[in-house]
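Chain by chain, the residues run as shown.
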Amino acid sequence: KETFDERALVEQEYTVLAVLEFNSFRKRQSVVVKLPNGQIRLYCKGADNVIFERLGQEGSQHAARTKIHLEEFGNDGLRTLCKVQKHEEKASSYVANGAVANECDTIR
């Protein structure tokens with residue numbers, strides 16, 4: 001059994017570079033942030049079918065087991081969302097002229 005040590009928490013400040021709000025067409029919401037160490041990260045949450053469509057090879061390795069858990073949660077009457085993240089070295093991979101470029105096409 002894992003335990004959680006609240007003393008291990010570290011507060012960090014992220015810079016929000018772009019936000020794509022949820023809508024019924026995209027069925028997901030995304031945010032691109034710059035971490036304190038300079039790394040760029042995209043976080044995306046949304047409907048499981050929309051997220052699974054965008055998983056790259058690395059992300060797909062957990063898909064089968066995750067789908068089983070989602071099915072179990074659904075059978076228990078629980079609503080679910082999937083959350084993924086993608087790491088990039090440079091903001092230009094995502095942010096161009098104030099808009100997010102190729103957001104969540106493939107999440108590795």
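Look up a bit, the structure's there.
Here's what I pulled together on the structure shown here. Predicted model, so just to flag it, every value in this text is computed and none were measured.

**Quick look at the overall build of the protein chain**
So, step 1. Of the regular secondary structure elements, the protein chain holds three helices and six strands.
So, step 2. Out of the 108 residues in the protein chain, the part that is buried amounts to 26%.
So, step 3. Within the protein chain, counting contacts between residues at least 6 apart in sequence, those at least 24 apart form 47% of the total.
So, step 4. Roughly 8200 Å² of accessible area belongs to the protein chain as shown, and the carbon and sulfur atoms make up 48% of that amount.

**As for helix 3 (residues 63-75)**
Three- or four-residue spacings in an α-helix give side chains the same orientation, since the helix completes a turn every 3.6 residues.
So, step 1. Taking 1.5 Å as the rise per residue, helix 3 with 13 residues should run 18 Å; its terminal C-alpha atoms sit 18 Å apart, in good agreement.
So, step 2. Glycine 77 sits one or two residues past helix 3 and shows a positive phi near 85°.

**Looking at the pattern of salt bridges**
So, step 1. All told, the structure shown has two salt bridges when counted by the stated rule.
So, step 2. Its salt-bridge partner being arginine 7, residue aspartate 5 comes within 2.9 Å of it at the nearest N-O pair.
So, step 3. Residue class for arginine 7 comes out exposed when judged on its relative accessible area of 74%.

**A few points about the packing of aromatic side chains**
So, step 1. Inspection of every chain in the model, using the stated rule, returns zero aromatic pairs.
So, step 2. One cation-aromatic arrangement involves lysine 67 over phenylalanine 52; the distance from NZ or CZ to the ring centre is 4.9 Å.

**Considering the sheet that holds strand 2 (residues 28-34)**
So, step 1. Taken together, four strands build an open sheet; the order of strands is 1-2-3-4 and the sheet is antiparallel. Each edge of the open sheet is held by one strand with a lone partner, namely strand 1 (15-20) and strand 4 (82-88). With strand direction ignored, the average angle separating the axes of adjacent strands in the sheet is 15°.
So, step 2. Of the strand pairs in this sheet, strand 2 and strand 3 (residues 40-46) are connected by seven bridges, and their pairing is antiparallel. Bridge pairing in strand 3 places glutamine 29 opposite lysine 45.

Procedures and definitions
Within any chain, residue numbers begin from 1 and follow the written order of that chain's sequence. Whole-chain, interface and lining totals are the exception, using all residues; otherwise, since this is a predicted model, local features are given only for residues with pLDDT of at least 70 and side-chain atom pairs are given and counted only at 80 or more. Note: side-chain values were computed over all heavy atoms of the structure, leaving out hydrogens and water. Runs of H or I in DSSP of at least four residues are treated as helices and runs of E of at least two as strands, each being numbered from the N terminus. Note on classification: 1.4 Å probe, protein chains only; a residue is buried when its accessible area is under 20% of the maximum for its type, exposed when over 50%, partly exposed between these limits. Whether two residues are in contact is decided by their heavy atoms, any of which lying within 4.5 Å being enough. Accessible surface is estimated by sampling points in the Shrake-Rupley manner with a 1.4 Å probe; for residues, cover comes only from the protein chains shown. How far a helix is expected to stretch is found by multiplying one less than its residue total by 1.5 Å. Salt bridges are defined by distance alone: a side-chain nitrogen of Lys or Arg within 4 Å of a carboxyl oxygen of Asp or Glu. Planes of paired rings set the category: under 30 degrees apart is stacked, over 60 is edge-to-face and the rest tilted, where pairs are Phe, Tyr or Trp rings (Trp by its six-membered ring) whose centres lie within 6.5 Å. As a reminder, the over-ring test applies to NZ of lysine and CZ of arginine, requiring each to be within 6 Å of the ring centre and within 35 degrees of the ring normal. Any two strands between which DSSP finds at least two bridges are classified as paired. Note on geometry: axes are C-alpha line fits, over the in-contact stretch for helices, and angles between N-to-C directions span 0 to 180 degrees.

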